[in-house]
Amino acid sequence: MRVARWLIGATVLGSLATLNFFVFEGPLLVKLINVSLFSSLFVLFRVVYGPSPADRVVAVDILGVLIIGMLALFGLFYDQGFFLDIALIWALLSFIASLAFAKILEGRRLDD
Amino acid sequence: MTRQMIGMVFICVGIAFDFLGVLGLVRLPDVYTRLQAATKCVTFGTAGLLFGIFIIKGFTSFGFKALLGIAFVFFTSPVAAHAISRAAHRGRIPLAKESVVDLYEADGELKEE
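Residues numbered from 1 in each chain as written. Chains lettered and ligands numbered in written order. Predicted model: local features only at pLDDT ≥ 70, side-chain atom pairs only at ≥ 80, totals over all residues.

**Q** Hey, could you run me through the interface of chain A and chain B in this one?
**A** When the parts come together, some accessible area is lost, and that loss is often what is quoted as the size of the interface. Facing the 35 residues of chain A at the interface are 39 residues of chain B. Mapped onto the side of chain A that touches chain B, the elements with two or more residues apiece are helix H2 (28–49), helix H3 (53–78) and helix H4 (82–106) of chain A. Per-element accounting of the side of chain A that touches chain B gives the leading share, 13 residues, to H3 of chain A. A per-class count over the side of chain A that touches chain B returns 23 nonpolar, seven polar and five charged. (Contact = placed C-beta atoms within 7 Å. Helix = DSSP H or I, 4+ residues; strand = E, 2+ residues; numbered from the N terminus. Nonpolar A, V, L, I, M, F, W, Y, C, P; charged D, E, K, R; others polar.)

**Q** Help me understand helix H1 (residues 2–27) of chain B, please; the structure alone is not making it clear to me.
**A** Owing to its 3.6 residues per turn, the α-helix aligns residues three or four sequence positions apart on the same side. Here H1 of chain B is 26 residues long and its end C-alpha atoms lie 38 Å apart, about the 38 Å a rise of 1.5 Å per residue gives. The elements touched by buried residues of H1 of chain B are H2 and H3 of chain A together with helix H2 (31–57) of chain B. (Expected span 1.5 Å × (residues − 1).)

**Q** Explain H4 of chain A to me, please; I cannot follow it from the model alone.
**A** Spanning 25 residues, H4 of chain A covers 37 Å between terminal C-alpha atoms, matching the ideal 36 Å at 1.5 Å per step. All of the buried residues along H4 of chain A are Leu84, Ala87, Ala91, Ser94, Phe95, Ser98, Phe101, Ala102 and Leu105 of chain A. Where H4 of chain A is buried, its residues meet H3 of chain A together with helix H3 (61–90) of chain B. In the stretch just after H4 of chain A, glycine 107 of chain A is the one whose phi turns positive, near 95°. (Buried ≥ 20, exposed ≤ 12 C-beta atoms within 10 Å, placed from the backbone.)

**Q** What should I look at first to understand the nonpolar core in this one?
**A** If you look at soluble globular proteins, the nonpolar side chains tend to sit buried side by side. Residues Val43, Val58, Ile62 and Ala72 of chain A together with Ala38, Leu50 and Ile84 of chain B are the most contacted members of the largest nonpolar core, which totals 51 residues. Secondary-structure elements contributing two or more residues to this core are H2, H3 and H4 of chain A together with H1, H2 and H3 of chain B. Residue contributions to this core peak at 14 residues, all from H3 of chain A. Setting aside anything within four residues of it in sequence, one finds valine 58 of chain A in contact with Val31, Arg34, Leu35, Ala38 and Ile84 of chain B. (Core = buried A, V, L, I, M, F, W, Y, C linked by C-beta atoms within 7 Å.)

**Q** Teacher, can you tell me more about the confidence of the model for chain A here?
**A** In low-pLDDT segments, the atomic positions of the prediction should not be examined closely. Of the residues in chain A, 97% have a pLDDT of 70 or more, and the chain-wide mean is 88. Looking across chain A, the model is least confident in helix H1 (residues 2–23) of chain A, with a mean pLDDT of 88, and most confident in H3 of chain A, with 90. (pLDDT = per-residue confidence, 0-100.)

The structure is reproduced here in structure tokens:
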């Protein structure tokens, strides 16, 4: 069982890295954006299969931080400044959402 | 050109840290260990990425927005992580089987309710 899990993980990661860095033709920035998208795929795995509610809250929090980096890379790729504005607003809303989720997880009301 | 190269190195290191943090989020056995790996690595990775963008763009509005993003991520992410871990411990989410000691429980923080 343990060997099978390690084999599945190594196969998935190796095939993704090979397809991204050696088969796919494109500029380096697009390849880095692809790595970030794969990372958000793993985070979504943790959101779906997380055993406890705290796992899901942690995963959503980390997804917000990943999306900030992804938006910054998009802004660098298209040479547009307004992507960073979207990233700042996303950081603010993600922080407030994390605090609210933590309060609900603790068993308190929002106006406590 | 040199500035471009240094910025790209920072961006590559940041993406690598992001990926390792997310791998820790998938692999580790517990809420608290997952939170530790994910928060530290993702904060450092995203901050390095934004610092690389600041090096590439220089002192323009784009670069200053990147610096503002660094400050914001550094201030807000540890606060959110601390709130989530405290709420998880108060919500009686169990630790992993391999864990040895629980000092927060031993301090008697939970008995006052």
